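Coordinate inspection notes
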Amino acid sequence: MKAEVPSKGLEWTNLLLGLGLACAAFAFGALPAAAWNAGIVGLLIVCCSAVALGRYGAWAEWSNIALGCWAIAAPFALGFGAAQAAMWTHVLIGICVAAIATVQLMTSRRSQGITHDRPAHGR
């Protein structure tokens with residue numbers, strides 16, 4: 001049985017956000033850490049979202065949550081937090097990607113009938 005994406009529109013949005021981050025790498029040429037991070041993380045977000053569009057799995061959303069959180073932390077961990085454009089690009093795209101992935105996970109759990117009040121086996 002093929003799992004369905006809770007919202008293809010949100011998944012496409014994450015794919016486009018990842019593509020935007022990957023393309024932003026070219027604008028960060030003077031900051032190698034920012035450029036490499038934007039390119040790699042952006043492409044990973046694109047890949048996870050593309051796979052989720054083909055065959056949805058919670059792992060893709062968890063991956064996007066992790067990638068979004070890394071995008072938020074990267075400017076400070078990799079030392080380009082003082083570069084405003086690179087920092088805000090990473091932080092804002094990271095927040096959006098992680099939030100959309102969280103919404104997708106919550107929607108998926110609700111559609112499967114899994115809640116905190118009721119066990120997953122349906123009792």
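What comes next concerns the included structure. (Residues numbered from 1 in each chain as written. Predicted model: local features only at pLDDT ≥ 70, side-chain atom pairs only at ≥ 80, totals over all residues. Heavy atoms only, no water.)

**A short note on a nonpolar patch on the surface**
As a reminder of what qualifies: A residue counts toward a patch only above 30% relative accessible area and without a salt bridge, and it is joined to like-charged neighbours within 9 Å or, for Val, Leu, Ile, Met, Phe, Trp and Tyr, to nonpolar neighbours within 5 Å. To measure how exposed things are, a 1.4 Å probe is used in the Shrake-Rupley method; for residues, cover is taken only from the protein chains shown. Within this document, salt bridges are pairs made up of a side-chain nitrogen of Lys or Arg and a carboxyl oxygen of Asp or Glu, the two lying within 4 Å of each other. Under the scheme used here, helices are H or I runs from DSSP no shorter than 4 residues and strands are E runs no shorter than 2 residues, and both carry numbers assigned from the N terminus.
There is a patch of nonpolar side chains on the surface, built from W36, I40 and L44 and spanning about 350 Å² of accessible area. If you trace the backbone, L44 turns up in helix α2 (residues 32–54).

**Points about the side chain of N64**
For clarity, the cut-off: The criterion used for residue contact is that any of the two residues' heavy atoms lie within 4.5 Å.
Topologically, N64 is positioned in helix α3 (residues 58–77). Once residues within four sequence positions are removed from consideration, N64 is found in contact with E11, N14, I45, C48, S49, V97, A98 and A101.

**Some thoughts on the packing of α3 against helix α4 (residues 84–111)**
This is how the line gets drawn: To get an axis, fit a line to the C-alpha atoms, keeping to the stretch in contact for a helix; angles then go from 0 to 180 degrees between the N-to-C directions. By the definition adopted for this analysis, an angle is roughly parallel if under 35 degrees, roughly antiparallel if over 145, roughly perpendicular if from 65 to 115, and oblique otherwise. Whether a crossing is left-handed or right-handed is set by the direction in which the near helix is turned from the far one by less than a right angle, anticlockwise for left-handed and clockwise for right-handed. Only Asp, Glu, Lys and Arg are considered charged, only Ala, Val, Leu, Ile, Met, Phe, Trp, Tyr, Cys and Pro nonpolar, and every remaining residue, Gly among them, polar.
Closest axis-to-axis distance for the α3/α4 pair is 8 Å, and the angle between their directions is 160°. Judged on the interaxial angle alone, α4 and α3 are roughly antiparallel. Seen along the crossing, α3 lies across α4 with a hand that is left-handed. In contact with A58, E61, W62, N64, I65, G68, A71, I72, P75 and F76 of α3, α4 contributes M87, H90, V91, G94, I95, V97, A98, A101, T102, Q104 and L105. The residue makeup of the contact of α3 with α4, split by class, is 14 nonpolar, six polar and one charged.

**A closer look at the packing of α2 against α3**
Contact geometry for α2 and α3: axes closest at 9 Å, N-to-C directions at 160°. Relative to α3, α2 is oriented roughly antiparallel. For the pair α2 and α3, the crossing hand works out as left-handed. Judged by residue contacts, N37, V41, L44, I45, C48, S49, V51 and A52 of α2 engage W59, A60, E61, S63, N64, L67, W70, A71 and A74 from α3. When the residues that make up the contact of α2 with α3 are grouped by side-chain class, the tally is twelve nonpolar, four polar and one charged.

**Some details on the nonpolar core**
Spelled out, the test is: Each nonpolar core is a collection of buried residues, namely Ala, Val, Leu, Ile, Met, Phe, Trp, Tyr and Cys, held together in the definition by side-chain atoms within 4.5 Å. A 1.4 Å probe rolled over the protein chains alone gives each residue an accessible area, and that area as a share of the maximum for its type sets the label: buried under 20%, exposed over 50%, partly exposed in between.
Membership of the largest hydrophobic core comes to 17 residues, with the highest contact counts inside it found for L21, F28, V41 and I45. Those elements that place two or more of their residues in this core are α1 (8–24), α2, α3 and α4. Among the elements that make up this core, the one with the highest residue count is α2 (six residues). Those residues in contact with I45, other than ones at most four positions away along the chain, are N14, G18, L21, N64, L67 and V97. Membership of the second largest hydrophobic core comes to six residues, among which are A52, A60, A101 and L105.

**As for the environment of N37**
We count it as follows: Throughout this description, a polar contact denotes any pair of N or O atoms lying within 3.5 Å of each other; where both atoms belong to protein, one of them has to be capable of donating a hydrogen while the other can accept it, and for residues adjacent in sequence the pair is counted only when both atoms sit in side chains.
Looking at the element boundaries, N37 is found in helix α2. The buried category is assigned to N37, whose relative accessible area is 9%. Of the polar contacts made by the side chain of N37, one reaches the side chain of W70; its length is 2.7 Å.

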